[in-house]
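What the coordinates show
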Amino acid sequence: MQKSLWVFGLMMVFAGIVQAQNRTIDIPIQDLPEALHSLSNQTGIQLLFTPENLKGTRSPAISGSMTAEQALARLLQGTPFIYLASGKDTFVIKESIGKSTPPKSMVLPEITVRDSTGSNSPYNTQYIRSNTSTATKTNTPVMETPFSVQALPRQILQDQQAIRLDSVLQNVSGVTQMPTNQGGSDGFLIRGFSSDTTYRNGVFMPNSLGGGTVKREMANIEEIQVLKGPGSILFGRADPGGIINTVTKQPLATPYYSLQQQAGSFDFYRTTVDATGPLTMDDRVLYRLNLSYENSGSFRDFVNNRSVFIAPVVRFNISPQTQITAELEYQSFNNVADPGIPNMGNRPADVPRNLFSGEPINNRNPGDRYFIGVNWSHMFNNDWTITHRLSAELLDYRSNSLFWFTPVSADGSLERFFNNAPSNHSNRFQTSVNLTGNVTTGILKHTLLFGYDYIFMDDKVKNTNCCAAAPVFNIFSPIYMTGRPTLDPINNFNIGITQSWHGAYFQDQIKLPYNFHMLAGFRYDNAVGRDTVAGMTTSAEDRFTPRGGLLWQPVPWLSLYGSYTENFGASNTLFNIDGQRLPPQTAQQWEAGLKTEYFDSRLRTTFSYFELTKQGIGAPDPLNPFRSRAIGEAETRGFEFDVAGEILPGWNLIATYSHLPFAKITKDRGTEFDDDGNVIGTNLGNQGKRLFLAAEHTGTLWSTYEFRNEWLRGLKLGGGIQGVGKRQGDPGNNYQLPAFVTGNLMASYQVKVMPKMRLTAQLNVLNVSDEKYFVGTNSGNFITVGAPRTFLGSMRLDY
């Protein structure tokens, strides 16, 4: 059969809905494949078609009460396509012999369909997505994107029971976990460079200054998209390794309800609820509600977590061309700040995995997080659309912890210090406007993007007390405090920082003859930082950032690409109050690669080579060690390989590999002291050292198989491995973390308990061999210990 013969529109909804019934249908003007997806979602019929054949065809807007077949006929009216009936509630879309032939119906023998769910359907079991928006801020096919971008759909999260962002991102090559804020927030290494920020539907979600923030809740995550390499042209100043964008669940016109209960080792309990559907009979108002409650212990002594998460979303379909969506997230959290274990010499200290090096009575981070957002879109005509987002994120929390600056001594004694911040407030306000349009100039087809964004961040840390000495502690015979520490208020201080960022950007995606695709764009940023305690401006920076890419798709299953990108990075003087201004950090990346799709576009591979250089890192001035200069530089070069998708019906696979032979600090300066501790000059610092946690070899393999024969139908088995090579624990390469390989298994069984209700029982076993390993470090002397063998069970009811 022809490659990519049939790809299906959207999911088949509950069996009780049939196409002959009248139903209120509302579909705006859009590309024909998307309109057919929407029709399937609103009516429950199955539509089989080849998207490539329909590409470039626009559908008219339809609205009103009609049968599914009447709506289908209206969508195809004036197009060169007809529909053929094939069994109950199933239609095949094909090209007619003549042009603009009125759609008509023919009857074919009933055929067996592989899948009929769309990308946002709760029943979609695919491991890949054909389109993403993170790389371009437009809905662009991955095979036409001249960058390395990976998408992790919800089915992967379900199969792996991923309850933390860091656990699911191991399915992307070149991304590894970097422990941050003593386990209180998410941190990663991407292409060798650290990043502690993520994005939510393209909205910047930074960490707060005081630490102790909360990890991203996964209950309302539909998909995770990862753009490799610099992304500041579309997202503003960012870390150069890449962009991690979480895509949240949106309201659906077809009702769906899910209740899941998870329970596992170390007193882990988690309950989640997912509900969506229309609030009005005409489907003009839709809702989505996600809830979760977690009460969990840990293999680590004294470590536990309690959280409540509520996320309602309401969408108003004002007209076929205009939609408004309002959303809220509330998260209450109470977790323990766990600094991990120290290093002894050039290796992690040899202590039991459960050893807690903090103080149980002190180390706790309770708080509340609110996210409020409104976004709307309007389609002016077939070619031009505007979208606007407004959001606010509000954080209030307490952050009590302790830390150490040096390795543990040979006798086990560890010198620790308190760092308590009883009152922290972080407020972020964001707005963005994007105008997209399609323009044709001769033989060139343009997709234009004009955008503007603004973000204001206000961080206040009040009455912080640092750094009083903690009681004597020995890792071989730990003794903990029985009362809360009494800290001298004379050591209290306040921190107040505001940041204001403006950005304007333009991008042109051009379809050229002979299946070439070109992308070019630029951005202008202006960023100002102020110390509100000192009452002074500490940074005022602007930057012009370009990027470009070229892709050639000689055949539908193969794409070759190359790209160049620049990056606007972090400020070097945001916290300086001495009046010295340094230029910001910057980065550049060259990338080349190829992408392939096999088995009717169900299996995709991406191979990429990159060279990424980060510049402008602050370091002591060789002529004046008491001053700084932006002279530091680091560089990574390597290969990455990703495979994801379906090999055979029911057999899904993810395989990743990253080879990072070069990851070094190429320019640096360090301060030199005499025997009395006086500054006497500078040296080469860490120049020539390998970047911390940047393993030369990392890789993962994960595969599941869902049985299709009658006797075993509903049974799914799976498993995988993760391997990480030896890593440097700190920038000075003073100690190392050993390489490790861990294995995971899963099994699930699904049964229909009612015609519209399914019950799924699932068991995952993590770290099957009980390997002792280390997740990573904070770049200093905090080492996070990996979990031992862990069992995680689940019962999920879908309706």
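This text follows the structure it describes.
Residues numbered from 1 in each chain as written. Predicted model: local features only at pLDDT ≥ 70, side-chain atom pairs only at ≥ 80, totals over all residues. Heavy atoms only, no water.

1. Points about the pairing of strand β43 (residues 697–706)
- Relative to β43, strand β40 (residues 651–667) runs antiparallel, the two being bridged by 9 bridges. Directly across from I654, in β43, lies its bridge partner W702.
- With 9 bridges joining them, β43 and strand β44 (residues 715–724) adopt antiparallel strand pairing. By the bridge assignment, T704 is partnered in β44 with G718. (Pairing = 2+ DSSP bridges. Helix = DSSP H or I, 4+ residues; strand = E, 2+ residues; numbered from the N terminus.)

2. Observations concerning the state of the cysteines
- Enumeration according to the criterion identifies 1 disulfide in this entry.
- A sulfur-sulfur separation of 1.9 Å characterises the disulfide bridge that pairs C466 with C467. Across the disulfide from C466 to C467, rotation about the S-S bond amounts to roughly 75 degrees, and the bridge is consequently right-handed.
- Residue C466 is classed as partly exposed on the basis of its relative accessible area, which comes to 21%.
- Here C467 falls in the partly exposed class, since its relative accessible area comes to 36%. (Disulfide = S-S within 2.5 Å. Buried < 20%, exposed > 50% of the residue type's maximum accessible area, 1.4 Å probe, protein only.)

3. Observations concerning unusual backbone geometry
- The omega torsion of the bond from C466 to C467 falls at 20 degrees, within 30 degrees of zero and hence cis.
- Along the chain, C467 falls in strand β31 (residues 444–469).
- Phi is positive for K137, which is not a glycine, with a value near 60 degrees.
- Inspection of the secondary structure assignment puts K137 in the loop between β10 (131–132) and β11 (140–141).
- Not every positive phi belongs to a glycine, and S779 is a case in point at roughly 85 degrees.
- Within the secondary structure layout, S779 lies in the loop between β49 (774–777) and β50 (783–785).
- The exposure class of S779 is partly exposed, given its relative accessible area of 27%.

4. As for the pattern of salt bridges
- Counted by the stated rule, this structure contains 33 salt bridges.
- The salt bridge partner of K228 is E640, with a shortest N-O separation of 2.9 Å. Here K228, found in strand β18 (residues 221–228), pairs with E640, found in strand β39 (residues 624–648); they are 412 residues apart in sequence, far enough to count as distant. Each member of the pair K228 and E640 is classed as buried. (Salt bridge = Lys/Arg side-chain N within 4 Å of Asp/Glu carboxyl O.)

5. Considering the nonpolar core
- Core analysis: the largest hydrophobic core is formed by 35 residues, its most contacted members being I475 and L691.
- At the level of elements, β28 (384–403), β30 (417–441), β38 (603–621), β40 and β50 are the ones that each hand at least two residues to this core.
- Here the element with the most residues in this core is β40; it accounts for 3 residues.
- I475 has contacts with P342, M344, A349, V351, L355, V408 and G412, leaving out every residue within four places of it along the chain. (Core = buried A, V, L, I, M, F, W, Y, C linked by side-chain atoms within 4.5 Å. Contact = heavy atoms within 4.5 Å.)

6. Thoughts on helix α3 (residues 68–76)
- All buried positions along α3 are accounted for by A68, A71, L72, L75 and L76. Down the axis of α3, the sector holding all buried residues measures 130 degrees, keeping them to one side.
- Directly beyond the C-terminal end of α3, a positive phi value near 85 degrees is found at G78. (Arc of directions from axis to C-beta.)

7. A short note on the sheet that holds strand β14 (residues 188–190)
- If you walk across this open sheet you meet the 3 strands as β13-β14-β15, and the pairing is antiparallel. Strand pairing shows two members of the sheet lacking a second neighbour, β13 (175–177) and β15 (193–195), which therefore form its edges. Within this sheet the neighbouring strands show an average axis-to-axis angle of 30 degrees, counted without direction.
- When β14 meets β15, the two strands line up antiparallel, connected through 3 bridges. Looking across to β15, one finds that L189 is bridged to S194. (Axes fitted to C-alpha atoms, helices over the stretch in contact; angles between N-to-C directions.)

By themselves, these figures tell us nothing about what the structure is for.
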